[in-house]
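Observations on the three-dimensional arrangement
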Amino acid sequence: WILPLSWVHACLSEGRLVEEEPFEREWGAAEGVCRARLSHQLGEPPLLSTLSFYLYGEFSQPSRSELISLLEAGGASILNTVDELKPRKAGSVVV
């Protein structure tokens, strides 16, 4: 869940954890964020599970390691060499 501070205030006010979904919509979360969360709850594969990424060049903000962590958290595979960019039997390659 990605929730606004108003959810924390509501929980403190009621002295318990309140339902998250109305607050998720309150701050205008992108539809993709909601779909990804629901897919995870249903046991579906992560959003990026069919994609592989080869990161070329220098990265500063976010750093290369932060990008890799983010992509892996979404289920993506990270390619380490250019040779791995050759056509694959399954999935997509994003450069």
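Note that the coordinates shown come from a computational prediction; the quantities given were computed from them, not determined experimentally.

The subject of this paragraph is the overall build of the protein chain. For the protein chain, the helix and strand inventory stands at four helices and three strands. The order of α-helices and β-strands along the protein chain, N terminus first, is α-α-α-β-α-β-β. When burial is assessed residue by residue, the protein chain has 21% of its 95 residues classed as buried. When the accessible surface of the protein chain is summed, it comes to about 7100 Å², and 57% of that surface belongs to carbon and sulfur atoms.

Moving on: unusual backbone geometry. Here Gln-61 and Pro-62 are connected by a cis peptide whose omega angle stands at 0°. Mapped onto the elements of the fold, Pro-62 is located in the loop between strand S1 (51-54) and helix H4 (64-73).

Attention shifts here to helix H1 (residues 5-14). The periodicity of an α-helix, 3.6 residues per turn, causes residues three or four positions apart to be oriented the same way. Burial in H1 covers these residues: Trp-7, Ala-10 and Cys-11. One side of H1 carries all its buried residues, which in axial view fall inside an arc of 100°. Opposite its buried face, H1 presents the exposed residues Leu-5, Leu-12 and Ser-13, each directed more than 90 degrees away. Phi turns positive one or two residues past the end of H1, at Gly-15, with a value near 70°.

Pairing between side chains of opposite charge can happen when the charged atoms of each approach one another. Scanning all chains against the criterion turns up one salt bridge. In this structure, the salt-bridge partner of Glu-14 is Arg-16, at a minimum N-O distance of 2.8 Å. Of the residues examined, Arg-16 reaches a relative accessible area of 48% and is grouped as partly exposed.

Turning our eyes to something else, we now look at the environment of Ala-36. Mapped onto the elements, Ala-36 comes out in helix H3 (residues 31-41). A relative accessible area of 32% means that Ala-36 is categorised as partly exposed. Taking the C-alpha atoms as reference points, Ala-36 and Leu-48, separated by twelve residues in sequence, lie 9.9 Å from one another.

Further remarks concern a nonpolar patch on the surface. On the surface, Leu-5, Val-8 and Leu-12 cluster together into a nonpolar patch covering about 310 Å² of accessible area. Of note, Val-8 is situated in helix H1.

So, about the confidence of the model for the protein chain. Averaged over all residues, the pLDDT of the protein chain is 83; the fraction at 70 or higher stands at 83%. Across the protein chain, the secondary-structure element scoring lowest on mean pLDDT is strand S3 (residues 92-94), at 61, and the one scoring highest is H1, at 93.

About the thresholds
- Residues numbered from 1 in each chain as written.
- Predicted model: local features only at pLDDT ≥ 70, side-chain atom pairs only at ≥ 80, totals over all residues.
- Heavy atoms only, no water.
- Helix = DSSP H or I, 4+ residues; strand = E, 2+ residues; numbered from the N terminus.
- Buried < 20%, exposed > 50% of the residue type's maximum accessible area, 1.4 Å probe, protein only.
- Areas by Shrake-Rupley, 256 points an atom, 1.4 Å probe, with all protein chains shown as cover.
- Arc of directions from axis to C-beta.
- Salt bridge = Lys/Arg side-chain N within 4 Å of Asp/Glu carboxyl O.
- Patch = residues over 30% accessible without salt bridge, like charges linked within 9 Å, V, L, I, M, F, W, Y side chains within 5 Å.
- pLDDT = per-residue confidence, 0-100.

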